[in-house]
Amino acid sequence: MPAISIDLSVVVPAYNEEGRLGPTLDAIAGYLRDNENRFGAWEVLVVDDGSTDGTRDVVTGASVRDRRVRLVTSPRNRGKGHALRLGVLASSGRRVLVTDADLAAPIEQLELLDKALAEGHSAAVGSRSAPGATIERHQSLARELLGRAGNLLIRRVAVPGVRDTQCGFKLFDGDRAREAFAASRLTGWGIDVEILQHFRRSGWPVTEVPVRWAHQPGSKVRPLDYLRVLAELASLKLRSVRPADLLATAAFLLMAVALYAGRWAGPNHRYLPDSLQDQNQWEWFFAVTADNLAHLRNPFFTTLQGFPDGVNLMANTVMLGLTVPFAPVTLALGPAISLALVMTLGLAATATAWYRLIVRRVVRHRGAAFTGAALAAFAPPMVSHANAHPNFVVLFMIPLIIERALRLCAGTRVVRDGVVLGLMAAYQIFLGEEPLLLASVGMVLFAGAYAALHPQVAKAAVPPLAKGLAIAAAVCLPLVALPLYWQFVGPQSYTRVLHADHMGNSPRALLSFAERSLVAGDRATADALSPNPTEQNAFYGWPLALLTFAIVARLWERALVKALAFTAGAAALLSLGPRFKIPLTNMTVPGPWALLADKPLFESVIEGRVAMVCAPALGMLLAVAVERLVRTPHIGRQFIGLTAVAAALIPILPAPLRSVERAPVPSFIADGTWQAYVGKDETLVPIPLPDSGNAEALHWQTATGLKFRLPGGYFNGPYGDERVGIYGAAPRYTSSMLRDISFTGVAPVIGKNWRAQARTDFAYWHAGVLVLAPQQYQDRLREAVDQLVGRPGKWVGGVWVWDLHDVGRPAPARTTLPAPHR
């Protein structure tokens, strides 16, 4: 250590710099000698990073001329990061300047950096990209483009706000620089990012200072070094993740795998019976998207179902945001595995996204955040939809959208956050529009409540939020304009979806237990209070309701708690529908959903699903309470509180979803025998036609690689002059009659009128063959089809078959449509 106090240390890393180092050291030493009144006592430390030329001799000569120039050596070349670490840790200056050996930024620019530190900053970063910077001599175009791309990536993932992290001219507070470099691990060019990230995380202010810069010949930066920086950046990002965060993500993945354990026992041969026909439908969605991409066909439309009218895929929640990127998996391994992967990984990713949002915005305690995120992603309604609806399970974009909207309210980087929000919204539209709509309802409820509690905060947030939302809309709309046009105006589009008259929750459903609740599951009650096993949209259980009430009462002084409580309560109330019955009475009262029920977009929403908004709101309330409990010094209070949390959550822990052995594909289909019966422009007609009640034929179709077309099907399509959306193709007399027989076993008297109508419908469907698989009432169905065709079917490959090629058929004609099945 020098005997006197050092005010400024200059650290110069050097590797094979014999030709350029001498003038650099003369310039630095000369400038500092001439400005000792300003910079005080100084030292220059040159770190020789294992040079193989005369670099050390150059430093030795300079040291002879001025003993304040010192040499620090490394036995072998380790990289710029290692050299800087040696030099900074060997320094003793109150301030530390690091500069490259080529002195591309002249030493005279030190005055600008020193002024920035005098203003209270801990680091002043010389910048070639900040407004006011001067580039006297540019690098090659390729190097500039690579550098800009690298800096853009670095700003996005590591050091937001710093335009130029790689400029080799930086001035630091000495003690903080030594602390940061001592904690650093990188040995290459990525050291600059690691050090700046350390300063940011420590709360030490960093500023960029525009400098004069000129590229110097003989640069040691090679093209591969850009890739090494990216690799070091990835390593830095991984190391910055806390072990608790990794553990939470791994736990969420294990929870998702456990939920789908039965399905993963044999993904190509297991079926989730509580999905009803939705597993068949979603596997078909994955298959048709992959097939369209493989054959360069329109991804928004197909005639593989619903022939000849076809299916508007954009109007059918095909989740192009996942079915498209998973197309290679679908083509290689099949749609069953793609769907299983998407639902398992998507559920884990959703829980992780909620966890990330809660940690950043609600609580810091990782255990509390994990508990809240687990409830948000694995609440009973989410588990119900996990049977059948990936669009309501894969919701990882929703927390990201919420986080970005909150950033907009802060108003720090409105343009950037608005652009990112627009891109996120566009992607979510390709994942599911109804979840985005419901999430928007939840955000509006929360924002309204919070604004009422903090009007001044809300007033300040309105201008940047409004500007950011306008930017987001400007970014999003061009990306989704064509798909949305196709969805709402294109072929087979519809105006609204025809649901049952009342799809709201009973108030009892909010306090009861879902079928798949591990401890308290009650299938009889759940079936009585919900439309089907995939739509158990409430069922949070009375213990959780009581706990929530206690949390809100105990923490009522917090505005966040009030806003979350209002969001959960309002969503629960909306989910009751336009009218609901008060339990234990015959009284029916109007619900607030009546205000939205007939509005555009909302008219197609199943109102009971609004209760899903409660899951993240309750999860955040739970996280706040758990954090408060684990940090209380009163052991007794902590024990009682955590016991109450466990008592509320254990009854609704999800049991693994039920799975059964899948019905085998008939050998007539699986062996390819069907190909002898179906011409190029003809269809294979299952008896009865596939619909939302029986879509096994879609599995036949995906098993063949979508080699044949089907009339009918399980999708949303238009019906009648008003083009109301129904489930399946617009019914024809023959399809309706066959469907009725399959459900009741009762057939009408079939005379020549029915036979004439059947010939017309067969022609309309371009039917090549009728296929009847073994099923309930198969004998009645076979007798009816024998009479319609005029001759008996043949038993071929495990099914009854009627070849229609020798049956006279009139030209296709439309008839008055019968009423749709609801």
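Look up: the structure comes first, before these words.
Because the structure is a prediction, the values reported are computed rather than measured.

Basis of the calculations
- Residues numbered from 1 in each chain as written.
- Predicted model: local features only at pLDDT ≥ 70, side-chain atom pairs only at ≥ 80, totals over all residues.
- Heavy atoms only, no water.
- Helix = DSSP H or I, 4+ residues; strand = E, 2+ residues; numbered from the N terminus.
- Expected span 1.5 Å × (residues − 1).
- Bend = angle between axes of the 7 residues up to and from the residue.
- Buried < 20%, exposed > 50% of the residue type's maximum accessible area, 1.4 Å probe, protein only.
- Contact = heavy atoms within 4.5 Å.
- Pairing = 2+ DSSP bridges.
- Axes fitted to C-alpha atoms, helices over the stretch in contact; angles between N-to-C directions.
- Salt bridge = Lys/Arg side-chain N within 4 Å of Asp/Glu carboxyl O.
- Patch = residues over 30% accessible without salt bridge, like charges linked within 9 Å, V, L, I, M, F, W, Y side chains within 5 Å.
- Areas by Shrake-Rupley, 256 points an atom, 1.4 Å probe, with all protein chains shown as cover.
- Core = buried A, V, L, I, M, F, W, Y, C linked by side-chain atoms within 4.5 Å.
- Parallel < 35°, antiparallel > 145°, perpendicular 65-115°, else oblique.
- Left-handed = near helix turned anticlockwise from the far one by under 90°.
- Nonpolar A, V, L, I, M, F, W, Y, C, P; charged D, E, K, R; others polar.
- Polar contact = N/O pair within 3.5 Å; in protein donor to acceptor, adjacent residues only side chain to side chain.
- Phe/Tyr/Trp six-rings, centres within 6.5 Å; stacked < 30°, edge-to-face > 60°.
- Lys NZ or Arg CZ within 6 Å of the ring centre and 35° of its normal.

This part is about helix α21 (residues 455-489). Its 35 residues place the ends of α21 only 42 Å apart at the C-alpha level, less than the 51 Å of an ideal helix rising 1.5 Å per residue. The sharpest bend along α21 measures roughly 50° and falls at Ala 481, with the proline Pro 483 sitting one to four residues further on. All of the buried residues in α21 are Ala 461, Pro 464, Gly 468, Ile 471, Ala 472, Cys 476, Val 480, Pro 483, Trp 486 and Gln 487. Buried positions along α21 lie against β11 (301-302), β12 (311-312), α18 (397-410), α19 (414-429) and α20 (433-453).

The next thing to look at is α18. With 14 residues, α18 ought to run about 20 Å at 1.5 Å a step, and its terminal C-alpha atoms sit 20 Å apart, in line with that. Considered for burial, the residues of α18 that qualify are Met 397, Ile 398, Pro 399, Ile 401, Ile 402, Glu 403, Arg 404, Ala 405 and Leu 408. The secondary structure elements touched by the buried residues of α18 are α15 (335-361), α19, α20 and α21.

The mixed open sheet is built from seven strands, whose spatial order is β3-β2-β1-β4-β7-β5-β8. Only two strands of the sheet have a single partner each, and these edge strands are β3 (69-74) and β8 (206-210). Between one strand axis and the next, the sheet turns by 20° as a mean value, whatever way the strands run. Both strand β4 (residues 95-99) and strand β7 (residues 169-173) contribute to a ladder of five bridges, which runs antiparallel. Pairing of Arg 95 across the sheet is with Asp 173, part of β7. Taken strand by strand, helix α7 (residues 174-183) contacts β4 and β7, and its axis lies near 105° from that of β7. Where helix α8 (residues 191-201) meets the sheet, its contacts fall on β5 (123-127), β7 and β8, and the angle it forms with β7 comes to roughly 35°.

Under the defined criterion, the tally for this structure stands at 36 salt bridges. Here Arg 416 and Asp 417 are joined by a salt bridge, their closest N and O atoms 3.4 Å apart. Accessibility expressed as a relative area gives 19% for Arg 416, which makes it buried. Note that Asp 779 is salt-bridged to Arg 782, the shortest N-O span being 4.0 Å.

On the surface, Leu 482, Tyr 485, Phe 488, Val 489 and Leu 601 cluster together to form a nonpolar patch covering roughly 530 Å² of accessible area. Within the element layout of this structure, Leu 601 appears in the loop between β14 (588-590) and α26 (614-630).

The next thing to look at is the pairing of β8. Side-chain direction in a regular strand flips from residue to residue, so the side chains alternate between the two faces of the sheet. Judged by how many residues are buried, β8 sits mostly within the fold: four of five residues are covered. As paired strands, β5 and β8 are joined by five bridges and run parallel to one another. Within the sheet, the bridge partner assigned to Ser 127 lies in β8 and is Pro 210.

A general tendency of soluble globular proteins is for nonpolar side chains to be buried together. Core analysis: the biggest nonpolar cluster contains 147 residues, and Phe 252, Leu 544, Phe 668 and Leu 684 have the highest contact counts within it. Beyond its immediate chain neighbours, meaning those up to four positions away, Phe 252 contacts Ala 348, Ala 351, Thr 352, Tyr 355, Phe 370, Ala 373, Ala 374 and Phe 378.

This part is about the pairing of strand β19 (residues 767-772). Extensive coverage of β19 is indicated by the burial of six of its six residues. Where strand β16 (residues 683-686) meets β19, four bridges bridge the pair, whose relative direction is parallel. The partner of Val 685 across the bridge, within β19, is Leu 770. In this sheet, strand β21 (residues 799-803) lies alongside β19 in antiparallel orientation, the contact comprising four bridges. Looking at the pairing, Val 769 lines up with Asp 803 of β21.

With that out of the way, let us pick up the sheet that holds β19. Taken in spatial order, the four strands make up an open sheet running β16-β19-β21-β20, and their pairing is mixed. Each of the sheet's edge strands pairs with one partner strand only, and the pair in question is β16 and β20 (794-796). Neighbour-to-neighbour, the strand axes of the sheet open up by a mean angle of 35°, direction not taken into account. Together, β19 and β21 form the strand contacts of helix α32 (residues 778-789), whose direction differs from that of β21 by roughly 10°.

We now examine the packing of helix α4 (residues 80-90) against α7. Two elements in contact, α4 and α7, have axes separated by 9 Å at closest approach and are oriented at 140°. In terms of orientation, α4 lies oblique with respect to α7. Here α4 and α7 pass one another in a crossing that is left-handed. Where α4 abuts α7, its residues Leu 84, Arg 85, Val 88 and Leu 89 lie against Ala 177, Arg 178, Phe 181 and Ala 182. Grouping the constituent residues of the contact of α4 with α7 by class yields six nonpolar, no polar and two charged.

Let us look at the side chain of Asp 66. Along the chain, Asp 66 turns up in the loop between α3 (55-65) and β3. A polar side-chain atom of Asp 66 sits 2.8 Å from a polar atom in the side chain of Arg 33. Apart from the residues within four sequence positions on either side, Asp 66 is in contact with Arg 33 and Trp 42.

Following both chains from N to C, one finds α19 and α21 inclined at 35°, their axes separated by 7 Å at the closest point. Seen from above, α19 lies across α21 with right-handed handedness. From α19, Val 414, Val 415, Gly 418, Val 419, Leu 421, Gly 422, Leu 423, Ala 425, Ala 426 and Ile 429 reach across to α21, where they touch Pro 464, Lys 467, Gly 468, Leu 469, Ile 471, Ala 472, Val 475, Cys 476, Leu 479, Val 480 and Leu 484. Looking at the contact of α19 with α21, its residues break down into 17 nonpolar, three polar and one charged.

With that out of the way, let us pick up the environment of Pro 464. By the secondary structure assignment, Pro 464 is in helix α21. C-alpha of Pro 464 to C-alpha of Gly 411: the two residues are 53 residues apart in sequence and 5.0 Å apart in space. Not counting residues within four places of it along the chain, the set of residues in contact with Pro 464 comprises Leu 408, Cys 409, Gly 411 and Val 414.

Turning our attention to the packing of aromatic side chains. Inspection of every chain in the model, using the stated rule, returns 17 aromatic pairs. Ring geometry for Phe 172 and Phe 199: centres 5.4 Å apart, planes at 45°, overall tilted. Of this pair, Phe 172 sits in strand β7 while Phe 199 sits in helix α8, and the two are 27 residues apart along the sequence. Considered together, Phe 172 and Phe 199 belong to a single accessibility category, that of buried residues. Note on Phe 762 and Trp 765: the rings are 6.2 Å apart at their centroids and 45° apart in plane angle, and the pair reads as tilted. Residue Phe 762 and its partner Trp 765 are both found in helix α31 (residues 752-765); the two are separated by three residues, about one turn of the helix. The pair formed by Phe 762 and Trp 765 is uniform in burial state, with each residue classed as buried. Over the aromatic face of Tyr 764 sits the side chain of Arg 732, whose NZ or CZ is 3.9 Å from the ring centroid.

Note: most peptide bonds trans; most residues except glycine with negative phi. Note that the residue after Phe 307, namely Pro 308, is joined by a cis bond; omega there is 10°. Tracing the backbone shows Pro 308 in the loop between β11 and β12. Looking along the chain, the bond that leaves Ile 687 and enters Pro 688 is cis, with omega of -10°. Summarising the element assignment, Pro 688 is placed in the loop between β16 and α29 (696-703). Residues other than glycine seldom take positive phi values, yet Leu 103 does so here, at roughly 50°. Topologically, Leu 103 is positioned in the loop between β4 and α5 (110-118). Classification of Leu 103 by relative accessible area gives buried; the value is 13%.

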